[in-house]
Amino acid sequence: MPMSIDTIIARLGGPEATARLTGVGTEAIRKWRQAQSIPSRHWPVIAHATGLSLADLQPAAPTHTASPAPTQGGSTTGSSMPHARPDGATAALVLADGTVLWGKGFGAFTKQPSIGEICFSTGMTGYQETLTDPSFAGQIITFTFPHIGNVGVNLEDEEASRIAARGLVVKEDITEPASWRAKAPLQAWLQEQNISGIAGVDTRSLTLKIRDGGAQSAALYYPEDGKFDLDALLTATKAWPGLEGMDLAKEVTCKAPYTWSDSVWQWPTGSRPVDGKRRKVVAVDYGAKRNILRCLVAAGCDVTVVPATTTAKEILELKPEGVFLSNGPGDPAATAGYAVPAIKGVLDAGIPLFGICLGHQLLAQALGGKTYKLARGHRGANQPVKALSTGRVEITSQNHGFAVDADSLPADAHVTHVSLFDGSNEGLASDRYAAFSVQYHPEASPGPSDSFYLFERFVALIDAHASKN
């Protein structure tokens, strides 16, 4: 029988002694008590100190939030899971570990459950940019910031023409827009794009579950008829294969090449073309955010965007002065099958190259490195990264569930940036080729613009290469 967290902490001598033993702060101990769960990485040292078994340290089996009696239409005949739900609940979030979270549905009704990897984003602004970021394909987003909907939506803040995420989870009911830029409420926009959400969820508890237990699959279901088959939802959730091994770049990439000329948004004129010297850049679209293209234009580039499967020969036929590798969703090892040969062809041709996010991971693979799946990923607009060459700390926007294994990089490539959260790789540069990349998003949107200098560095690299030739 699992022992209560308070009892375990007491046997260790209290919160401060527990913190010293496990190498965490007392705030972490408070969160263990709140979540009634101790992260499994601490079990061995606690078991050794207390004489408890690992079974004693495992959290109690998940319970399903439900009212004492089912509401009308809320039961499922023959279900082995509790089929009552709280009054007013119209949507459910079912996790692969069996947890069921009830709430109020919004956006579009779902004829079939929306299934994906449940993740959390810590940004305090930019929910529209986040939802339309193609890197979120295959994921259900938990927003840790509670006031979602307060600025409505508008066309200028979209990072793609469609919402990429499979659903969203929020704490409070979505609010009406209170911004002069709003063209529509969030609710209407979600209905138009056939995306559903669930409100009224304890997003803090859900975030702690993801943080401590790692990523897992989830199903978001908001049926128009109000009927739930929780067993079927759990079965479908467990059957979803997960992002590892999944190539999603082909799903979100453009269908044909196109040119981009708008620069970054500025008040009061919005996005517009810019004058000055232009460098011809080909951007490979693995799921490119529009603000990346805007930043390339602002830095002095004429941008032609090509699909993810474009070959090196096709890229070089466009006679680029530089090649950009975009962000995107899914497992880089799965996308590498067609992307790496193209990248190698560009590198061997001596064309300067810059990559972001998935583009960073694919450059690493083209150079001979490897990638791996992070336990919980980095998602938000407040992630600290250290530039090793200067010691400068940048606050960055991030969205990734995979990372480059720094130890796997070849001798002629070096690490340029590291995460101050977990020490994972955030940037690299080649000593052999005119190529560099970062894991985070220097274009922000949403987020700070600390890292815009990387676009200027890319342009400087193009100019330096041109002067030598």
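### Examining the packing of aromatic side chains
Right, on to step 1. A full pass over the atoms with the stated rule returns eight aromatic pairs.
Right, on to step 2. Arranged with centres 4.6 Å apart and planes meeting at 20 degrees, the rings of Phe-354 and Phe-436 form a pair that is stacked. Residue Phe-354 is found in strand β12 (residues 353-356), and its partner Phe-436 is found in strand β17 (residues 435-438); the two are separated by 82 residues along the sequence.
Right, on to step 3. Judged by relative accessible area, which is 0%, Phe-354 ranks as buried.
Right, on to step 4. Seen in terms of ring centroids, Phe-354 and Phe-455 are 5.8 Å apart; in terms of plane orientation they differ by 80 degrees. Their pairing is edge-to-face. Pair noted here: Phe-354 is in strand β12 and Phe-455 is in helix α15 (residues 453-468), with a separation of 101 residues, a long-range link. In this structure, Phe-354 and Phe-455 share a single accessibility class: buried.
Right, on to step 5. Taken together, the ring pairs connect Phe-324, Phe-354, Phe-436, Phe-452, Phe-455 and Phe-458 into an aromatic cluster.

### Concerning the pairing of strand β1 (residues 91-95)
Right, on to step 1. Judged by how many residues are buried, β1 sits mostly within the fold: five of five residues are covered.
Right, on to step 2. Of the two faces of β1, the one holding Ala-91, Leu-93 and Leu-95 and the one holding Ala-92 and Val-94 are both buried throughout.
Right, on to step 3. When β1 meets strand β2 (residues 100-107), the two strands line up antiparallel, connected through four bridges. The partner of Leu-93 across the bridge, within β2, is Leu-101.
Right, on to step 4. What sits between the antiparallel neighbours β1 and β2 is a turn of four residues, in which Gly-98 has the positive phi angle 100 degrees.

### Comments concerning the side chain of Thr-130
Right, on to step 1. With respect to the element layout, Thr-130 can be found in helix α6 (residues 127-132).
Right, on to step 2. You can call Thr-130 buried: its relative accessible area is 7%.
Right, on to step 3. With residues near it in sequence (within four places) discarded, Thr-130 still touches Ser-121, Phe-136, Ile-141, Phe-143 and Pro-446.

### Things to note about the pattern of salt bridges
Right, on to step 1. The full count for this structure, using the stated rule, is 15 salt bridges.
Right, on to step 2. Note that Asp-97 and Lys-209 form a salt bridge whose closest N and O atoms lie 3.1 Å from each other. With Asp-97 in the loop between β1 and β2 and Lys-209 in helix α8 (residues 203-213), the pair connects residues that are 112 residues apart, well separated along the chain.
Right, on to step 3. The residue Asp-173 makes a salt bridge to Lys-104 at a minimum N-O spacing of 3.4 Å. Of this pair, Asp-173 sits in the loop between β5 (167-169) and α7 (186-192) while Lys-104 sits in strand β2; the two residues are 69 residues apart in sequence, bridging distant segments of the chain.
Right, on to step 4. With a relative accessible area of 42%, Asp-173 lands in the partly exposed category.

### Thoughts on the pairing of strand β14 (residues 393-405)
A regular strand carries its side chains on alternate faces of the sheet.
Right, on to step 1. Counting buried residues along β14, 10 of its 13 residues qualify, which places the element largely inside the surrounding structure.
Right, on to step 2. Of the pairings in the sheet, the one linking strand β13 (residues 370-387) to β14 comprises 11 bridges and is antiparallel in character. Bridging from a neighbouring strand, His-378 pairs with His-400 of β14.
Right, on to step 3. Hairpin connection of β13 to β14: five residues between the antiparallel strands, including Gly-391 at a positive phi of 80 degrees.

### Focus: the nonpolar core
Most often, soluble globular proteins keep nonpolar side chains buried together rather than apart.
Right, on to step 1. In this structure, Tyr-286, Leu-325, Ile-343, Leu-347, Leu-353 and Leu-363 are the most contacted members of the largest nonpolar core, which totals 30 residues.
Right, on to step 2. Here this core gets seven residues from one element, more than from any other, and that element is helix α13 (residues 332-348).
Right, on to step 3. Excluding its chain neighbours within four sequence positions, the residues that come into contact with Leu-353 are Val-323, Leu-325, Ile-343, Val-346, Leu-347, Leu-363, Ala-434, Ala-435, Phe-436 and Phe-458.
Right, on to step 4. One finds Trp-260, Leu-296, Val-385 and Phe-455 within the second-largest nonpolar core, a separate group that totals 28 residues.

### So, the confidence of the model for the protein
Right, on to step 1. On average, the protein scores 90 in pLDDT, and the residues at 70 or more come to 94%.
Right, on to step 2. Throughout residues 61-83 the model reports pLDDT below 50, and contacts reaching past four residues in sequence, or to other chains, amount to 51 contacts.

### Focus: the sheet that holds strand β4 (residues 139-143)
Right, on to step 1. Read around the closed barrel, seven strands run β1-β2-β6-β5-β4-β3-β7, paired in mixed fashion. Adjacent strand axes in the sheet meet at a mean angle of 35 degrees when their direction is disregarded.
Right, on to step 2. The sheet contacts of helix α9 (residues 230-239) involve β1, β2, β3 (114-121) and β7 (216-221), and relative to β1 the element is tilted by about 45 degrees.

The rules we used
Residues numbered from 1 in each chain as written. Predicted model: local features only at pLDDT ≥ 70, side-chain atom pairs only at ≥ 80, totals over all residues. Heavy atoms only, no water. Phe/Tyr/Trp six-rings, centres within 6.5 Å; stacked < 30°, edge-to-face > 60°. Helix = DSSP H or I, 4+ residues; strand = E, 2+ residues; numbered from the N terminus. Buried < 20%, exposed > 50% of the residue type's maximum accessible area, 1.4 Å probe, protein only. Pairing = 2+ DSSP bridges. Contact = heavy atoms within 4.5 Å. Salt bridge = Lys/Arg side-chain N within 4 Å of Asp/Glu carboxyl O. Core = buried A, V, L, I, M, F, W, Y, C linked by side-chain atoms within 4.5 Å. pLDDT = per-residue confidence, 0-100. Axes fitted to C-alpha atoms, helices over the stretch in contact; angles between N-to-C directions.

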